Amino acid sequence: MTLARPDPQWRAALLARADQPPVRPRVPLVWRSHVIGSVEADYFNPIVLPGSSIDPELLLKEQGVAGAQWRVQGEVSASLGRIAQALFEAQVGRVIQHWRNEQLAIQDGQGQQLGTVERGVVRPLGIATRAVHLVGQAPDGRYWVQQRALDKANEPGLWDTLMGGMVSAADDIDSALLRETWEEAGIRLDDLQILRRSGSVALRKPSADGDDAGYVVERIDWFRCSVPDRVQPLNQDGEVAQFRLLDRTELLEWMQRDEFTTEAALILLAALDAAP
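Described below are features of the structure shown in this document. Keep in mind that what you see is a predicted model, and the values were worked out from it rather than measured.

Rules used in this analysis
- Residues numbered from 1 in each chain as written.
- Predicted model: local features only at pLDDT ≥ 70, side-chain atom pairs only at ≥ 80, totals over all residues.
- Heavy atoms only, no water.
- 1 Å grid on protein atoms, 1.4 Å probe; cavity = no way out; pocket = protein on both sides within 12 Å on 5 of 7 lines; lining within 4 Å.
- Points joined across faces, edges and corners; volume = space filled by probe spheres on them.
- Helix = DSSP H or I, 4+ residues; strand = E, 2+ residues; numbered from the N terminus.
- Nonpolar A, V, L, I, M, F, W, Y, C, P; charged D, E, K, R; others polar.
- Core = buried A, V, L, I, M, F, W, Y, C linked by side-chain atoms within 4.5 Å.
- Buried < 20%, exposed > 50% of the residue type's maximum accessible area, 1.4 Å probe, protein only.
- Contact = heavy atoms within 4.5 Å.
- Axes fitted to C-alpha atoms, helices over the stretch in contact; angles between N-to-C directions.
- Parallel < 35°, antiparallel > 145°, perpendicular 65-115°, else oblique.
- Left-handed = near helix turned anticlockwise from the far one by under 90°.
- Expected span 1.5 Å × (residues − 1).
- Arc of directions from axis to C-beta.
- Polar contact = N/O pair within 3.5 Å; in protein donor to acceptor, adjacent residues only side chain to side chain.

Our focus in this paragraph is the layout of surface pockets. As a volume, the second largest pocket reaches approximately 380 Å³. Ile36, Gly126, Ile127, Ala128 and Val217 are, among the 20 residues lining the second largest pocket, the residues nearest its centre. At the level of elements, β2 (34–40), β5 (103–107), β7 (129–137) and β12 (215–226) are the ones that each hand at least two residues to the lining of the second largest pocket. Among the elements that make up the lining of the second largest pocket, the one with the highest residue count is β2 (five residues). Split into classes, the residues belonging to the lining of the second largest pocket amount to eight nonpolar, seven polar and five charged.

Time to look at the nonpolar core. Core analysis: the biggest nonpolar cluster contains 31 residues, and Tyr43, Phe44, Leu80, Ile83, Leu87 and Leu125 have the highest contact counts within it. When residues of this core are traced back to their parent elements, those giving at least two are β1 (26–31), β2, β4 (67–72), α3 (76–89), β5 and β6 (113–118). Leaving out residues up to four positions away in the same chain, Phe44 has contacts with Leu29, Val39, Leu59, Trp70, Ile83, Leu87 and Leu125. Residues Leu251, Leu252, Trp254 and Phe260 belong to the second largest nonpolar core, which totals 27 residues.

In contact at an axis separation of 10 Å, helix α1 (residues 8–17) and helix α7 (residues 262–274) are set at 130° when each is read in the N-to-C sense. On the basis of their axis angle, the class for α1 and α7 is oblique. As α1 packs across α7, the resulting crossing turns out to be left-handed. Here Trp10, Arg11, Leu14, Leu15 and Arg17 of α1 lie close against α7, whose contacting residues are Thr262, Ala265, Leu266, Leu269 and Asp273. A class-by-class count of the residues in the contact of α1 with α7 yields six nonpolar, one polar and three charged.

Helix length check: helix α5 (residues 173–185) (13 residues) gives 17 Å between terminal C-alpha atoms against 18 Å at 1.5 Å per residue, within 8%. Residues of α5 that are buried include every one of Ile173, Ala176, Leu177, Glu180, Thr181, Glu184 and Ala185, and no others. Each buried residue of α5 lies within a common arc of 125° when the element is viewed along its axis, so the set occupies one face. Packed against the buried residues of α5 are β7, β8 (143–148), β10 (163–166), β11 (193–206), β12 and β13 (240–246). The residue sitting at the N-terminus of α5 and contributing the capping side-chain oxygen is Asp172; that oxygen lies 3.2 Å from the backbone nitrogen of Asp174. Downstream of α5 by a residue or two, Gly186 has a phi angle that is positive, lying close to 65°.

Read these as layout, nothing more, since geometry by itself doesn't imply function.
Here's what the structure looks like:
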């Protein structure tokens, strides 16, 4: 039997979507000697202009070696916490819609954690994030996929891998995999078979939620597993509308109609490429 193969033009378009420049020019966001993100040049104006709530010594616009940049002063977690709160109170962009009261790690170029920041501001501030996804297959080879809840702030109604979630500052990859698999699919890792780490993908693209001020910089580690017939996914956190089983041909058809998120399509494409 000839296996269904992805269309080369669609594959090229998908890879291009995953690696795009910002909608508008951005300048570095720095702390000490570290570039920790990027912002549009005037993004902070509403909170740093005279009479605003931010101490002008906390957030400085300066001329760096390569041009303009914004510098965060003080202890990075505390300072970014005050900046995030000021953006929230000023309702800058869509920060208020994405506020989660969840801290994500700020890392240097070697992956060492420098501090933490509220999840709701990582995209506007261009701060790199990490995520974990799980590709699950039934014993007959079909793929479990989930539809994102219709009221999710980002990409509502699109389809995703069996599980996909961000790695919080309190997590490492393994603990995030365990927690997110339970929250999104109601599955304990001990109930899965042949669970293994399979690779990673990278995203660099404007936010998919229509917020032109946002930029995604993310590394996603993905795992694959076999889901026994006795195990049925059941969402626990209200962020999944439904689960479906798709065979390879159906999965490719849905992917090539762009019914999946960019990151899920990248991961599933890699899984299909690696399938025997």
